[in-house]
Amino acid sequence: MQTDLIREARRQAEICNACRYCEGYCSVFPALHRERAFSDGDITQLANLCHNCRGCYYACQYTEPHEFALNLPKALAEVRHDNWKTYAWPNGFAGLFDKSGVAIGAGLVLAFSILFVLAQALRPESGEGFYAHMSHGLMVAIFAPAFLLPLAAIAVALRNYWRAVGGGRVAMGDIWAAFASAGRMNNLAGGHGDGCNFEDEDRFTHARRHFHQATLYGFLLCFASTSSGTVLHYGFGIEAPYGLFSLPKLFGVPGGILLCLGTAGLAWLKTQADRNLGAPKVWGGEMAFVLLLFSVSATGLLLYAATGSAAVSWLLPVHLGTVLTFFLLTPYSKMAHGFFRMAALTKEAEAKRTSALRPVS
Ligand code: SF4
Ligand code: SF4
């Protein structure tokens, strides 16, 4: 972990702790005000609670040219990104993705797409829909480990995080509180309720919150689509292709549309936002991740629209190559932020619960 980033964030947190003007802005400030001094773990936790809404920056009387040079969104963003690299497992690849995310993402999509084109030579004698191009067994053999291994890597990273922030035994109530907070995304309201500042100078809107919600709920619907297809296949012996009024399609089509809209909106906001209020060095890696997620949903929808046509023979490898790249890069790309946020919100729920139980002296 880079000590200079922690030191700078600690300096700013100490000023905020004395000032207290932004008291009700977000989860960061109540957590900050509970401490008298900040350990490295405290700064790590504050950084992962911050959702970079930028509300505190525009409210602050101590930003440059003031000698305090406060820029809390940037200081916390830089610590946060450094955390994700430090706790990622195996360590090292996350830093590479930050530097060359677009090249790595595009290279992997291309390479995997070509491999899936070649894999169509092993197509089964018979099969319907996508399974006429690639056997179900081959897809499961590739995607089951590609899904489970990154999850194992994320679990190791979260364990590292939990130890660093001094987390105790995890309580179900705290996890539930974290899910409720993430579902509402109330930390993206900008403190004053006007939303985040990502578009133009000091203009606040709810665009970022809504694009995040579209992305999150679109992703969850796509996951529900894949899960329901698996249940239909193994539990009821009902194999793809599925009709429009089947569960996989009822979840998948709106999910894909929401995911496309959400990621396109987030990519647009990133081009408008002031990079100096985030972590400018990882801008490329973040954009690569958003574009990758957009490609997953866009190729999925195109593939569905092309069902039964000759275009499936090249759209299917491109979609599978994109999904495989997304799975494998999940622990090292911006996708990891969702898991760390959940851990930080769970820790915050634990801190609130235990401080409420502490006897008043
Ligand atoms: S960001 Fe500025 S105004 Fe807000 S609490 Fe910190 S020092 Fe005070
Ligand atoms: S940028 Fe927003 S979320 Fe982050 S500390 Fe400031 S007010 Fe809180």
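Residues numbered from 1 in each chain as written. Chains lettered and ligands numbered in written order. Predicted model: local features only at pLDDT ≥ 70, side-chain atom pairs only at ≥ 80, totals over all residues. Heavy atoms only, no water.

Enquirer: Would you mind going over the site of ligand 2 in detail, with residue names and values included?
Expert: In the vicinity of ligand 2, the residues found are Cys26, Val28, Phe29, Cys50, His51, Asn52, Cys53, Arg54, Cys56 and Pro73. A breakdown of the residues in the shell around ligand 2 according to their chemical character gives seven nonpolar, two polar and one charged. (Near = heavy atom within 4 Å. Nonpolar A, V, L, I, M, F, W, Y, C, P; charged D, E, K, R; others polar.)

Enquirer: Before we move on, could you go through a nonpolar patch on the surface and cite the residues and values that matter?
Expert: Residues Leu110, Ile114, Leu115 and Leu118 make up a contiguous nonpolar surface patch of about 420 Å² in total accessible area. Here leucine 110 lies in helix H6 (residues 93-119). (Patch = residues over 30% accessible without salt bridge, like charges linked within 9 Å, V, L, I, M, F, W, Y side chains within 5 Å. Areas by Shrake-Rupley, 256 points an atom, 1.4 Å probe, with all protein chains shown as cover. Salt bridge = Lys/Arg side-chain N within 4 Å of Asp/Glu carboxyl O. Helix = DSSP H or I, 4+ residues; strand = E, 2+ residues; numbered from the N terminus.)

Enquirer: Explain unusual backbone geometry to me, using residue names and the numbers behind them.
Expert: Among all residues save glycine, negative phi is the norm, and among peptide bonds the norm is trans. Here the amide bond leading from glutamate 64 into proline 65 is cis, since omega sits at 15°, within 30 degrees of zero. A positive phi angle is found at arginine 54, which is not glycine, with a value near 80°. As for its placement among the helices and strands, arginine 54 is situated in the loop between helix H3 (40-49) and helix H4 (55-59). Within the chain, alanine 69 stands out as a residue other than glycine whose phi angle is a positive 45°. Along the polypeptide, alanine 69 turns up in the loop between H4 and helix H5 (72-87).

Enquirer: For the pattern of salt bridges, give the residues involved together with the corresponding values.
Expert: Opposite charge on two side chains permits them to pair, given that their charged atoms come into close proximity. This structure, assessed with the given rule, holds seven salt bridges. Linking glutamate 8 and arginine 11 is a salt bridge whose minimum nitrogen-to-oxygen distance equals 2.9 Å. One end of the pair is glutamate 8 and the other is arginine 11, both in helix H1 (residues 3-19) and three residues apart, which spans about a single turn. Judged by its relative accessible area of 32%, glutamate 8 is partly exposed. Between glutamate 348 and arginine 34 there is a salt bridge, and its shortest N-O distance comes to 2.6 Å. One end of the pair, glutamate 348, is in helix H13 (residues 336-357); the other, arginine 34, is in the loop between helix H2 (28-33) and H3, with 314 residues separating them in the sequence. (Buried < 20%, exposed > 50% of the residue type's maximum accessible area, 1.4 Å probe, protein only.)

Enquirer: Kindly report on the site of ligand 1, identifying the contributing residues and their values.
Expert: Taken together, Cys16, Cys19, Tyr21, Cys22, Phe29, Cys56, Cys60, Gln61 and Tyr62 make up the full set of residues near ligand 1. The class makeup of the residues in the shell around ligand 1 is eight nonpolar, one polar and no charged.

Enquirer: So what about the nonpolar core? Which residues, and what values?
Expert: With 37 residues, the main nonpolar core has Val28, Phe29, Leu32 and Ile43 as its most contacted residues. Elements that contribute at least two residues to this core include exactly H1, H2, H3, H5, helix H7 (136-164) and H13. Counting 36 residues, the second-largest nonpolar core is a separate cluster that includes Phe112, Ala119, Met139 and Val312. (Core = buried A, V, L, I, M, F, W, Y, C linked by side-chain atoms within 4.5 Å.)

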